[in-house]
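What follows is the residue order along each chain.
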Amino acid sequence: METFECIGARRSVRSYEDREVEEEKLGQVLEAGRLAPSANNRQGWKFVVVRDAELRQRLARAAHGQSFVGQAPVVIAACATETGRVMSCGHPAHLVDTSIAIDHMTLAAREQGLGTCWIGAFEQEEVKRILGVPASATVVGLLPVGYPTSWPSASSRKPLGEVVCYERWQ
Ligand SMILES: Cc1cc2nc3c(=O)[nH]c(=O)nc-3n(C[C@H](O)[C@H](O)[C@H](O)COP(=O)(O)O)c2cc1C
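Bear in mind the structure is a predicted one, so any value in this text is a computation, not a measurement.

Caption draft 1: Local environment of the side chain of R56. By the secondary structure assignment, R56 is in helix α3 (residues 53-62). One buried charge, R56, has no salt-bridge partner; the nearest side chain with opposite charge is E20, at 5.7 Å. Each residue touching R56, except ones within four places of it in the same chain, is listed here: V50, R51, V69, G70, Q71, A72, P73, V74 and V75.

What follows is the structure, given as structure tokens:
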């Protein structure tokens, strides 16, 4: 799949087949996260791969009962390990860096025919407890990964003219 085709074909998938994800395909997804850029190339992230069914169910409950989180055969908890770094622009580097890694993984998954859905609605402390994430780290996002029962149609986007301006803010 060409890069742009992949970007255009990615969807948030909220229904998964009862079918395992091959190690090789999952490896490609994780590799895309590993290759993501980061501020000062710090790579301050850790991807916790969860296949265990009971843990996935617990994660689903911690994600406000979003049951598809437990239905997906794999959930990746993308964690930031260096939570104190603030860039000179004022933004926390760990959130930006780990978010880029998550997005890389969503696209690599799509390229492999796999669906994902970025989960930001979850109880931080509960997910940390379930997965044994240390206090020094933070869970940036949960990413269920699996074969979609069907690919959802594209959700709408603002037109380019509404989100782009040239030379000066307009
Ligand atoms: C930071 C972030 C957090 C999100 N959290 C959730 C979530 O908790 N549950 C959910 O079903 N979708 C979640 N989404 C998915 C968005 O709803 C989805 O990306 C958006 O509606 C556009 O649809 P699309 O991804 O299919 O293009 C999240 C997406 C992002 C980027």
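Caption draft 2: Region of the structure containing the site of the ligand. Lining the immediate surroundings of the ligand are 13 residues, of which R10, S12, R14, Q66 and R157 lie closest. Within the backbone of W118, a nitrogen or oxygen atom sits 3.1 Å from a nitrogen atom of the ligand. G120 places a main-chain nitrogen or oxygen 3.0 Å from a nitrogen atom of the ligand. Here the ligand has 620 Å² of accessible area as a free molecule, and 62% of this is covered by the chains. Tallied by class, the residues present in the shell around the ligand amount to five nonpolar, four polar and four charged.

Caption draft 3: Just the packing of α3 against helix α6 (residues 124-131), in detail. Here α3 crosses α6 at 170 degrees, and the two axes come no closer than 9 Å. Of the possible angle classes, the one that applies to α3 and α6 is roughly antiparallel. Facing L55, R58, L59 and A62 of α3, the residues of α6 in contact are E126, V127, I130 and L131.

Caption draft 4: Seen up close, a nonpolar patch on the surface. Taken together, the side chains of L160, V163, V164 and Y166 present a nonpolar region at the surface, about 440 Å² in accessible area. On the accessibility criterion, L160 (63% relative accessible area) is exposed.

Caption draft 5: Representation of the sheet that holds strand β2 (residues 74-80) within the structure. Taken in spatial order, the four strands of this open sheet run β1-β2-β4-β3, and their pairing is antiparallel. In the strand order of this sheet, the two ends are held by β1 (45-50) and β3 (115-116), each with one partner. Examined bridge by bridge, β3 and strand β4 (residues 138-146) share two bridges and lie antiparallel to one another. Residue pairing in the sheet places G115 in a bridge with G146 of β4. Seen against the sheet, helix α5 (residues 93-111) touches β1, β2, β3 and β4 and runs at an angle of roughly 5 degrees to β4. Its contacts with the sheet put α6 on β1, β2 and β4, and the angle it makes with β4 is roughly 70 degrees.

What counts and what doesn't
Within each chain, residues carry numbers counting from 1 in the order of the written sequence. Given that the model is predicted, a residue must reach a pLDDT of at least 70 before its local features are reported, and side-chain atom pairs must reach 80 or more before they are shown or counted; all residues, however, enter totals for whole chains, interfaces and linings. By convention in this description, side-chain values take in all heavy atoms of the structure and omit both hydrogens and water. Under the DSSP-based scheme used, a helix requires at least four consecutive residues in state H or I and a strand at least two consecutive residues in state E, with every element numbered from the N terminus. When accessible area is computed with a 1.4 Å probe and restricted to protein chains, residues below 20% of their type maximum are described as buried, those above 50% as exposed, and intermediate ones as partly exposed. When charges are counted, Lys and Arg are positive and Asp and Glu negative, with His and the chain ends excluded. Take a side-chain nitrogen of Lys or Arg and a carboxyl oxygen of Asp or Glu: if they are within 4 Å of each other, that pair is a salt bridge. Residue contacts are counted whenever heavy atoms from the two residues lie within 4.5 Å of one another. Throughout, near means a residue has at least one heavy atom within 4 Å of the molecule or strand. Two N or O atoms count as a polar contact when they lie within 3.5 Å, although within protein this holds only if one can serve as hydrogen donor and the other as acceptor, and sequence-adjacent residues are included solely when both atoms are side-chain atoms. For every accessible area listed, the method is Shrake-Rupley and the probe measures 1.4 Å; residues are considered covered only by the protein chains on display. Basically, the charged four are Asp, Glu, Lys and Arg, the nonpolar ten are Ala, Val, Leu, Ile, Met, Phe, Trp, Tyr, Cys and Pro, and anything else, Gly included, counts as polar. Structural elements are reduced to axes, namely lines fitted to C-alpha atoms, with helices fitted over the stretch in contact, and the angle between N-to-C directions of any two is expressed from 0 to 180 degrees. Oblique is the label for any angle not under 35 degrees, not over 145, and not in the 65 to 115 range, which are roughly parallel, roughly antiparallel and roughly perpendicular in turn. Here, patches come from residues exposed beyond 30% relative accessible area and free of salt bridges, joined within 9 Å for like charges and within 5 Å for nonpolar side chains (Val, Leu, Ile, Met, Phe, Trp, Tyr). One bridge is not enough; two strands pair if DSSP finds at least two bridges between them.

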